[in-house]
Amino acid sequence: MADRDTFLKEFRGETLGTVSAQSSADENFQNQTIRPILKLQNDLFIAVFINYINKNKPDFYSYSVEKKLQTIENSIQKDIKFRNSLKGIVIALFTIEEYDTYIQNSSSLNKRMMNLLIDRLKSQVQLFEVESDLK
């Protein structure tokens, strides 16, 4: 297990965001664990979202930017199966210690995780301008 944990931490890279003595435990976890995983998995999240909209929102590409942003948010917040699959993509890259921390406060950390992912996808909405071949 130690080899896996060491590999994961090295593979994910550095802490993203500020970690200080004043930071809450959730904020530390967010910046040390969740943000690096989201950055690492960014291309996969984009591919997963494109697949999701191709299957579930065929008119997505004709939406205004405002409606696309709302659809990104609603898809992640309201489609429980989709949200759970996204969480799985993140949790799969937790170390055992990080998973132990996560399960102690999963509700709050899930909220942070999904909000960060929503923001990340929204900031890349231009990638969802033209229908993709990832069907």
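Here the structure is a predicted model, which is why all the values come from computation and not from measurement.

Engineer: Teacher, can you tell me more about the overall build of the protein here?
Structural biologist: What the protein contains, in helices and strands, is 7 helices and 0 strands. Along the protein, helices and strands appear, N-terminal first, in the series α-α-α-α-α-α-α. Sequence separation of at least 24 residues holds for 70% of the intrachain contacts in the protein that already meet a minimum separation of 6. For the protein, the exposed area adds up to about 7,800 Å²; of that, 49% sits on carbon and sulfur atoms.

Engineer: Can you walk me through the packing of aromatic side chains in this structure?
Structural biologist: How two aromatic rings sit relative to each other is set out by the distance from centre to centre and by the angle between their planes. Scanning the entire structure with this criterion turns up 12 aromatic pairs. Ring centres of Phe49 and Tyr52 lie 6.2 Å apart, and the angle between their planes is 25°; on these two criteria the pair is classed as stacked. Linking Phe49 with Tyr52, this pair stays in helix 3 (residues 42-56), spanning 3 residues, or about one helical turn. Judged by its relative accessible area of 9%, Tyr52 falls in the buried class. On the basis of an interplanar angle of 35° and a centroid distance of 6.1 Å, the ring pair of Tyr99 and Tyr102 is categorised as tilted.

Engineer: Explanation requested: the environment of Ile34 in the structure shown.
Structural biologist: Tracing the chain through its elements places Ile34 in helix 2 (residues 25-40). Considered as a pair, Ile34 and Leu109 are 75 residues apart in the sequence and their alpha carbons are 8.8 Å apart.

Engineer: Just to check I follow, could you spell out the environment of Glu98 for this structure?
Structural biologist: Mapped onto the secondary structure, Glu98 falls in helix 6 (residues 96-104). When near neighbours in sequence (up to four residues on either side) are disregarded, Glu98 contacts Lys9, Arg12, Phe29, Thr33 and Leu93. Polar side-chain contacts of Glu98 include one of 2.8 Å to the backbone nitrogen of Thr95.

Calculation criteria
Residues numbered from 1 in each chain as written. Predicted model: local features only at pLDDT ≥ 70, side-chain atom pairs only at ≥ 80, totals over all residues. Heavy atoms only, no water. Helix = DSSP H or I, 4+ residues; strand = E, 2+ residues; numbered from the N terminus. Contact = heavy atoms within 4.5 Å. Areas by Shrake-Rupley, 256 points an atom, 1.4 Å probe, with all protein chains shown as cover. Phe/Tyr/Trp six-rings, centres within 6.5 Å; stacked < 30°, edge-to-face > 60°. Buried < 20%, exposed > 50% of the residue type's maximum accessible area, 1.4 Å probe, protein only. Polar contact = N/O pair within 3.5 Å; in protein donor to acceptor, adjacent residues only side chain to side chain.

Note that every value here comes from positions in space, so none of it alone points to a role or purpose.
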